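Geometric and topological summary
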Number of protein chains: 2
Amino acid sequence: MLELAILGFLYDAPLHGYELRKRITALTGHVRPVAESTLYPAIKRLEQAGLLARTTQPGSVAAPRHVLTLTEEGRGELRRRLAEPARHDITDENRWFTVLAFLRHLDDAAGQAAVLRRRLAFLEEPASFFYDGDRSLRAEELDDPFRRGLLTVARATSRAELSWLRDTIRSLDG
Amino acid sequence: MLELAILGFLYDAPLHGYELRKRITALTGHVRPVAESTLYPAIKRLEQAGLLARTTQPGSVAAPRHVLTLTEEGRGELRRRLAEPARHDITDENRWFTVLAFLRHLDDAAGQAAVLRRRLAFLEEPASFFYDGDRSLRAEELDDPFRRGLLTVARATSRAELSWLRDTIRSLDG
DNA sequence: GGAGAGTACATCGGACACGAGGTATCGCAT
DNA sequence: ATGCGATACCTCGTGTCCGATGTACTCTCC
């Protein structure tokens, strides 16, 4: 997820690590803050994999900046990761939001629609949280107000996203 | 999050690892499946910390079962984790749902309301995903349909949860 | 002139997660 | 008979994440 965000932000423009961190923090930081000790090793990994290149520039105020640029392999890798997200990326809301944030970089409406359809299929799967034996329990059947709330909120979320997904897929297809 | 789920399920009744895994899978597995190689070490950790005890029973069909029971320390630890969740547990939806699933075990309406209020405060913070310099961008200002969708869905989710939170806090207080 | 905040990068150790693989039993279908 | 799926547990290696800590420069405020 972090790597996807790095590739995604760099696809638009070269950035240095510190600026990258600010953008990632704006995108997902309120939920899961990005530690510097996670970001810099991730940058190094991607660099060693040949997905991005760095050029050192004198820092405007402090230490010299390492400006990061995606290589051609890096651009291809981002498109590949967007076109074929892992199951994790589809099911985990945090990861899915990251995919969505950069899906426009997949400049192919059919490919974009295919990704949205995978999310749609996932949300359409009958998923419950609590079971009585094999039978899945509905919100109304629960005594516990917190579990009821959990189901209620999850259902509302899902409804909102489903209708957005259906609209968007239709307009991508049309 | 995993440890919280283990403590939460065992608070109700002693279970063996395999059954525990099925319950956790039902709760959060559609989003983030729990690998056995994650669960068993986690059980061992909790056992070594003195939070749970195991007794071996002949297996009904296969290998002998290790039935896990919460110790008094374990019960206290669960209540402590529920009463004072880490910031992570409040902000990350997956973790938050786990907290909610077991919040009833905190049998103190004021404590429960306090936890809900923390989530409420978090959701009320003005959080944006995308910025133009310092200015946060609203859904309407974005060209990108996917980022628009992301904001739209996030807003709908948040609205649904906010209204549930306010109702529930009111009824816990009243 | 000195403290503190912000910019900018980096390393290290510990904790945690996961896939791959292993052990063993039972029932059912082929 | 033999393989498969379910039950039930476990280890190992690899990778990732994070908090703590360090370096070094600039600007602002007092």
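Residues numbered from 1 in each chain as written. Chains lettered and ligands numbered in written order. Predicted model: local features only at pLDDT ≥ 70, side-chain atom pairs only at ≥ 80, totals over all residues.

A look at the interface of chain A and chain B
Contact with chain A, which involves 31 residues of that partner, is made by 31 residues of chain B. For the side of chain A that touches chain B, the elements supplying multiple residues, two or more each, are helix H2 (17-28), helix H6 (93-102) and helix H8 (145-173) of chain A. No other element matches H8(A), which puts 13 residues into the side of chain A that touches chain B. For the side of chain A that touches chain B, a count of residues per class yields 18 nonpolar, 6 polar and 7 charged. (Contact = placed C-beta atoms within 7 Å. Helix = DSSP H or I, 4+ residues; strand = E, 2+ residues; numbered from the N terminus. Nonpolar A, V, L, I, M, F, W, Y, C, P; charged D, E, K, R; others polar.)

Some thoughts on the protein's contact with DNA strand D
Close to DNA strand D lie 25 residues; A:Ser37, A:Thr38, B:Gly17, B:Tyr18 and B:Ala62 are nearest. For the surface near DNA strand D, the secondary structure elements donating two or more residues are helix H3 (36-48) of chain A together with helix H2 (17-28), helix H3 (36-48) and strand E3 (65-70) of chain B. The class makeup of the residues in the surface near DNA strand D is 13 nonpolar, 8 polar and 4 charged. (Near = placed C-beta within 6 Å.)

Remarks on the domain arrangement of chain A
According to the domain assignment, chain A consists of domain 1 (2-81) and domain 2 (109-173). A straight line from the C-alpha centre of domain 1 of chain A to that of domain 2 of chain A covers 33 Å. (Domains from an automatic or database assignment.)

Remarks on the packing of helix H1 (residues 2-12) of chain B against H2(B)
Residues and elements named next belong to chain B. As a packed pair, H1 and H2 sit with axes 10 Å apart at the nearest point and diverge in direction by 115 degrees. Compared by their axis directions, H1 and H2 come out roughly perpendicular. Classified by chirality, the crossing of H2 by H1 is right-handed. Between H1 and H2, the residues in contact are Ala-5, Ile-6 and Phe-9 and Leu-20, Arg-23, Ile-24 and Leu-27, respectively. Here the residues of the contact of H1 with H2 are counted per class, giving 6 nonpolar, no polar and 1 charged. (Axes fitted to C-alpha atoms, helices over the stretch in contact; angles between N-to-C directions. Parallel < 35°, antiparallel > 145°, perpendicular 65-115°, else oblique. Left-handed = near helix turned anticlockwise from the far one by under 90°.)

Re the relation of the copies chain A and chain B
Turning chain A through 180 degrees and shifting it by 0.0 Å along the axis lays it on chain B, with an RMSD of 0.0 Å. What we have between these two chains is a two-fold relation. Closest to the rotation axis within chain A is the C-alpha of A:Thr157, separated from it by 2.4 Å. When the interface residues of chain A are mapped onto chain B, 100% of them again fall at the interface, so both copies present the same face. (Least-squares fit on C-alpha atoms with pLDDT ≥ 70 in both.)

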